[in-house]
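This is what each chain is made of:
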Amino acid sequence: MASLVLPTPPTIPQELNRDIYGFCVRPHHLQLYKQFAEIYREEEIERSSRWEEFLSAHGKSLENVCKDYGSSHHLSEGAKNHNGEKEGIEGPRKFETWCNIRTSLQPIETALRHFPEKSSWNQTATPSIASTEPSSNTGVSQGSEDDSDEEFYDADRLDIPQDELQNLSDNTSSVVVQSEENSLAWKEELYALVRSGVPMALRGEVWQAFVGSGSRRVHGHYQALMTVNRDDWNNDRHGLCNPNDVIVDQIFGTSIPKKWVKQIEKDIPRTFPGHPALDVNGRKALLNVLIAYARHNPNVGYCQAMNFFAGLLLLMMPEENAFWTLVSILDDYFEGYYTEKMVEFQVDQLVLEELVHHHFPRLSSHLDALGLQVAWITGPWFLSIFINILPWESVLRVWDVLLYEQNRSMLFRTALAIFELHGSAVLIAKDAADAVTLLQSLVSATFDSSQLVLTACVGYQSLKDSHLQELRTKYYPQVLAMLPKASKQQKPFGSFTSSMKIMECDHPVDVEHQGKYDDELINNNQAYLSHDIAADEVLDTPIMLSDLLCQVQDMKLELSRTLEKRRMANMRAEELEAAFMEVVKMDNRRLLSAKVETLEAEAADLRRNVTEKDEQNQAMKQVMLRMEEELKVTQEARMVAEEDAAKQRTAVDELQFKFDRIMNSIKELESRAVKAESLLEASYPQHAPKNGTTGTKQPSYSTGEESSRWIWSWSTSK
Amino acid sequence: MATRKRTLLKVIILGDSGVGKTSLMNQFVNKKFSNQYKATIGADFLTKEVQVEDRLVTMQIWDTAGQERFQSLGVAFYRGADCCVLVYDVNLLKSFESLSNWRDEFLVQASPSDPENFPFMVLGNKVDIDGGNSRVVSEKRAKTWCASKGDIPYFETSAKDDLNVDVAFQCIAKNALKNETDEEIYLPDTIDFSSGSTHTSSSCSC
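Keep in mind that what you see is a predicted model, and the values were worked out from it rather than measured.

### A closer look at the overall build of chain B
Link 1 in the chain: A count of helical and extended segments in chain B gives 7 helices and 6 strands.
Link 2 in the chain: Sequence-ordered secondary structure for chain B, helices as α and strands as β, is β-α-β-β-α-β-α-α-β-α-β-α-α.
Link 3 in the chain: Evaluated residue by residue, chain B yields a buried proportion of 53% over its 206 residues.
Link 4 in the chain: Residue pairs in contact within chain B that sit at least 24 positions apart in sequence constitute 73% of those at least 6 positions apart.

Okay, here's the thing in structure tokens:
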């Protein structure tokens, strides 16, 4: 018997290729996983202490918890009931079929169960955890659950006759309303805790508290389903059943097609293959749970992916707990999802496609261009609630929030968060193959679970379930129109808790008829319940009564809600049918106009581009022209200059020529002068005595000098 | 066509749950076999580059979930497929009998332009089991069925022993590619060359 609320978080496992939960890590992610394992461990330690604080502040003291386990009031059931302490990855319980969750968590369950309008508070919750210290005892019906009071409380109740049950439930609901406000702060704190993750050691029980498997449980129901199972097996073994046979359920008058059993048997070894906890006993438990569910809700039967859910739950809780938790998840959160026609799932995919288009227009149009539909990628995400898609730590963190919120809006937020984190990488993909492969590998390596959950919960906080509901109504006609006309057969509404989805109904009953049917249903249920109670009264101690009263009340609430839903759905179906053609037309028109708009925008863009280009061209042309002109001018100038140069050159030549000639003539003159002088000199002695003076000769000489000087000066001046 | 990017062939694998679709795909793409496959939910997807004659093509293989109710979800992504691979388990009669359903379903939902000549391929898987002693569908019977559906090429495979897997997928790629080029030729000029050629070459010699 453990003495602590939370055992210390388990350490990283020895086995190399398995993670802390015992699941296989893909070989190429091992390195990455190792990096994150340390972070996970630290986060786990932190959240463990925070949860412990929270539970001891608002739940019960540690001592009481321990005491609770000692006096588990279902010991009388005959099941070998161990304490409810969880042991991490220890695997499915082999012997006990049901364990109550620890009492400190029961207020959570009660609180979540009793506020159908919880979406209003869980959405507005702020991440602040700080010092919201609500008055103790804010848990809704904590008083009634309190161990110390319990026996007296039940003893008092023992005398209450059956017909006062109604009264009682009314009282309780008024109490519930009063305490609603008190518990608001308490819930905000819880929501913040949930977003940062539920500790491994607590997860199984906390999930049960979230989905309310305890209040859903009907004593003996699971065992009854199991008894029938065993008969089936025997028949099976002896080959008494044809494959196409339908096994008739003697107890509830329901039938299960053999194909589900076959499919389940096929999928058992394909559920977390090699997981240490899924040994022979583990697989047997898995088989039991899945068959029991198919039998319990024949509207759904068995759909692949449930094997993963059941397998996961069995790793965290005993068999019967896993069954009721699975029932709660499938019937409350995923109603209409895993049925033959999967209407809700298909609608959700269309809604998601719209959301992706709204939040990531570029990515959306890129995928369009690659010929990819968002649903091809996200379909498996939603169907398997991210199991085998994201790394396990991330899967569990997403489940924490999803189960807490009482609806499946977390699916959408997670998907959008994934696109936010990895969408930009997809934008670079050149073709469809690249895009899908890239996204697959990125998603499977989203080890940063805190980042993912934070992005989902804070980044898309405004994405509320009510908004999703609105969007869904828009797409019902489209999906219903695509369904194959004649369905093979209508599954009977066998079990009393079966989810009745009007969308699945091929032949809607008219309202009057419906009413009668509903009344019958209520009567039957009451009869069944009173029978149940009577039987338990005989068998068990008074303690059972409080449980039964709670259950009666819960089931009444649930029944009335279901019936209300059904009526609403009926009306809606009619309306939808009437408006169907119109909507489809509108839808087409809307799509077309949207397309036209985008095309127009594109055209405008192109036009703008063209004009810009034109302008640029014009400018370029002008520049070119100007340059050409300049070129011409310079060329002309060059020509002129060249001509000038040529002229000057000829003039120089001429001058040179003239100069030469003149120099020649000067030389000639000089030589002549010399000759003349020599002549003169020669003749001088003869003439001199005659003339007697040299003076006459002198001037003639000087004239020769002068004439040559004159010629020089003339030539230079020229 | 102005620029020819890399050729993408879209291949869809159909067949009953548990006949070995995922195993075949993994054997072909990753050259690995494991007894520990998880059930496929919705659809899974792998790609592989293959050399067909002198062309490098990328096969984009869509592995589908076998459970009946997932069929209604397949509508969209069957479209644009270049080849459809039908898989059955030679040891399970029902999986063989379902082939017609799978084929019809595919043709209805994918609505190819020329359903008569759309390239299918049938693989009889798990021939390794029990040395073939537990098989209930004979090769002859399977081939007869294939012949009746317009000479669908048929291979007996074992994903576990890697028997015929590569050969089969090569043939798939070849046929898918041929179909693609046939269509391209067919579009511009209307000579009935194409119908003649597809008819003679539809039996893949292997």
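### Focus: the packing of aromatic side chains
Working definition: an aromatic ring pair is given by the centre-to-centre distance plus the angle between the planes.
Link 1 in the chain: According to the stated counting rule, one finds 37 aromatic pairs over all chains in the structure shown.
Link 2 in the chain: Aromatic side chains Phe 36 of chain A and Phe 447 of chain A sit 6.0 Å apart centroid to centroid with 20 degrees between the ring planes, which places their arrangement in the stacked category. Pair noted here: Phe 36 of chain A is in helix H1 (residues 30-58) and Phe 447 of chain A is in the loop between helix H20 (432-444) and helix H21 (449-459), with a separation of 411 residues, a long-range link.
Link 3 in the chain: Under the relative-accessibility criterion, Phe 447 of chain A is labelled buried at 5%.
Link 4 in the chain: Consider the rings of Tyr 337 of chain A and Phe 345 of chain A, whose centres lie 5.6 Å apart with planes at 80 degrees: the pair is edge-to-face.
Link 5 in the chain: Judged by relative accessible area, which is 0%, Tyr 337 of chain A ranks as buried.
Link 6 in the chain: Look at Phe 345 of chain A and you get buried, because its relative accessible area is 4%.
Link 7 in the chain: An aromatic cluster is built from Trp 376 of chain A together with Phe 45, Trp 62, Phe 77, Tyr 78, Phe 106, Phe 118 and Phe 120 of chain B, whose rings are joined through pairwise contacts.
Link 8 in the chain: Against the face of Phe 28 of chain B rests Lys 48 of chain B, its NZ or CZ located 5.2 Å from the ring centre.

### Observations regarding the nonpolar core
Link 1 in the chain: Core analysis: the largest hydrophobic core is formed by 175 residues, its most contacted members being Phe 309, Leu 312, Tyr 338, Trp 381 and Trp 399 of chain A together with Phe 106 of chain B.
Link 2 in the chain: Leu 9, Phe 28, Val 50 and Cys 83 of chain B belong to the second-largest nonpolar core, a separate cluster that totals 28 residues.

### Overview of helix H5 (residues 139-148) of chain B
Residues and elements named next belong to chain B.
Link 1 in the chain: Turning to H5, its buried residues number three or more, namely Ala 142, Trp 145 and Cys 146. Angular distribution of buried residues about the axis of H5 spans 100 degrees; they occupy a single face of the element. Summarising the geometry of H5, the exposed residues directed more than 90 degrees from the buried face are Lys 140 and Ser 148.
Link 2 in the chain: For H5, the elements touching its buried residues are strand E4 (83-89), helix H3 (93-97), helix H4 (99-110), strand E5 (120-125) and strand E6 (154-156).
Link 3 in the chain: At the C-terminal side of H5, Gly 150 shows a positive phi close to 90 degrees.

### Overview of the interface of chain A and chain B
Link 1 in the chain: Listed by partner, the interface residues are 38 residues for chain A and 29 residues for chain B.
Link 2 in the chain: Buried surface at the junction of chain A and chain B, both sides included, amounts to about 2,800 Å², of which 57% is carbon and sulfur.
Link 3 in the chain: Taken together, chain A and chain B are joined by 2 salt bridges.
Link 4 in the chain: Across the pair Lys 259 of chain A and Glu 68 of chain B runs a salt bridge whose closest N-O atoms are separated by 3.8 Å.
Link 5 in the chain: The tally of links from chain A across to chain B stands at 12 residue pairs in polar contact (both at pLDDT 80 or more).
Link 6 in the chain: Of all the secondary structure elements, the ones that give two or more residues to the side of chain A that touches chain B are helix H11 (258-267), helix H13 (306-314), helix H15 (343-359), helix H17 (374-383) and H20 of chain A.

### Side note on the side chain of Ser 384 of chain A
Link 1 in the chain: The residue Ser 384 of chain A is located in the loop between H17 and helix H18 (392-405) in this model.
Link 2 in the chain: Taking relative accessible area as the criterion, Ser 384 of chain A reaches 2% and is therefore assigned buried.

### Some points on the confidence of the model for chain B
Residue and element names in this part refer to chain B.
Link 1 in the chain: Confidence in the prediction of chain B, expressed as mean pLDDT, is 83, and 83% of residues score 70 or more.
Link 2 in the chain: Overall, residues 183-206 carries pLDDT values under 50, and its contacts beyond four positions in sequence, including any with other chains, amount to 15 contacts.
Link 3 in the chain: Scoring the predicted complex yields pTM 0.64 and, for the interface, ipTM 0.84.

### Describing the packing of H18 of chain A against H21 of chain A
Residue and element names in this part refer to chain A.
Link 1 in the chain: Packing of H18 against H21 leaves a shortest axis separation of 9 Å and a crossing angle of 30 degrees. The element H18 and its partner H21 pack so that their crossing is right-handed. Touching Glu 393, Ser 394, Arg 397, Val 398 and Val 401 of H18 are Ser 449, Ser 450, Leu 452, Val 453 and Cys 457, all from H21.

### Some details on unusual backbone geometry
Residue and element names in this part refer to chain A.
Link 1 in the chain: Here the phi dihedral of Phe 272 falls at roughly 45 degrees; this positive angle occurs in a residue that is not glycine.
Link 2 in the chain: Relative to the helices and strands, Phe 272 is located in the loop between H11 and helix H12 (280-296).
Link 3 in the chain: The residue Met 342 is not glycine, and still its phi comes out positive at about 50 degrees.
Link 4 in the chain: Residue placement: Met 342 occurs in the loop between helix H14 (319-333) and H15.

### Description of the packing of H13 of chain A against H14 of chain A
Residues and elements named next belong to chain A.
Link 1 in the chain: Closest axis-to-axis distance for the H13/H14 pair is 9 Å, and the angle between their directions is 135 degrees. Taken as axis vectors, H13 and H14 run oblique relative to one another. H14 is crossed by H13, and the crossing has right-handed handedness. Contacts between H13 and H14 pair Met 306, Phe 309, Ala 310, Leu 313 and Leu 314 from the former with Glu 319, Ala 322, Thr 325, Leu 326, Ile 329 and Leu 330 from the latter.
Link 2 in the chain: In the contact of H13 with H14, the residues fall into 9 nonpolar, 1 polar and 1 charged.

### Remarks on the environment of Asp 587 of chain A
All names here are of chain A.
Link 1 in the chain: Along the chain, Asp 587 turns up in helix H24 (residues 543-691).
Link 2 in the chain: By relative accessible area, which is 15% here, Asp 587 ends up buried.
Link 3 in the chain: It is 9.3 Å that separates the C-alpha atoms of Asp 587 and Lys 474, two residues lying 113 residues apart in sequence.

### Re the pairing of strand E3 (residues 55-64) of chain B
Residue and element names in this part refer to chain B.
Link 1 in the chain: With 8 of its 10 residues buried, E3 lies for the most part within the structure.
Link 2 in the chain: Note: strand E1 (residues 7-15) against E3, 7 bridges, orientation parallel. Paired with Lys 10 across the bridge in E3 is Gln 60.
Link 3 in the chain: Relative to E3, strand E2 (residues 43-52) runs antiparallel, the two sharing 10 bridges. Its bridge partner being in E3, Phe 45 is matched across the sheet by Trp 62.
Link 4 in the chain: In sequence, E2 turns back onto E3 through a hairpin of 2 residues, with Glu 53 there showing a positive phi of about 50 degrees.

### Structural notes on H12 of chain A
Since the α-helix turns once every 3.6 residues, residues separated by three or four places project in the same direction.
Link 1 in the chain: Compared with an ideal rise of 1.5 Å per residue, which puts 17 residues at 24 Å, H12 of chain A spans 24 Å between its outermost C-alpha atoms and is within 8% of the ideal.
Link 2 in the chain: For H12 of chain A, the buried fraction is high: 13 of the 17 residues fall into the buried class.

### Topic: the environment of Glu 44 of chain A
Link 1 in the chain: Mapped onto the secondary structure, Glu 44 of chain A falls in helix H1.
Link 2 in the chain: A polar atom in the side chain of Glu 44 of chain A sits 2.8 Å from the side chain of Arg 47 of chain A.

Conventions used here
- Residues numbered from 1 in each chain as written.
- Chains lettered and ligands numbered in written order.
- Predicted model: local features only at pLDDT ≥ 70, side-chain atom pairs only at ≥ 80, totals over all residues.
- Heavy atoms only, no water.
- Helix = DSSP H or I, 4+ residues; strand = E, 2+ residues; numbered from the N terminus.
- Buried < 20%, exposed > 50% of the residue type's maximum accessible area, 1.4 Å probe, protein only.
- Contact = heavy atoms within 4.5 Å.
- Phe/Tyr/Trp six-rings, centres within 6.5 Å; stacked < 30°, edge-to-face > 60°.
- Lys NZ or Arg CZ within 6 Å of the ring centre and 35° of its normal.
- Core = buried A, V, L, I, M, F, W, Y, C linked by side-chain atoms within 4.5 Å.
- Arc of directions from axis to C-beta.
- Buried area = accessible area lost by both parts, 1.4 Å probe.
- Salt bridge = Lys/Arg side-chain N within 4 Å of Asp/Glu carboxyl O.
- Polar contact = N/O pair within 3.5 Å; in protein donor to acceptor, adjacent residues only side chain to side chain.
- pLDDT = per-residue confidence, 0-100.
- Axes fitted to C-alpha atoms, helices over the stretch in contact; angles between N-to-C directions.
- Left-handed = near helix turned anticlockwise from the far one by under 90°.
- Parallel < 35°, antiparallel > 145°, perpendicular 65-115°, else oblique.
- Nonpolar A, V, L, I, M, F, W, Y, C, P; charged D, E, K, R; others polar.
- Pairing = 2+ DSSP bridges.
- Expected span 1.5 Å × (residues − 1).

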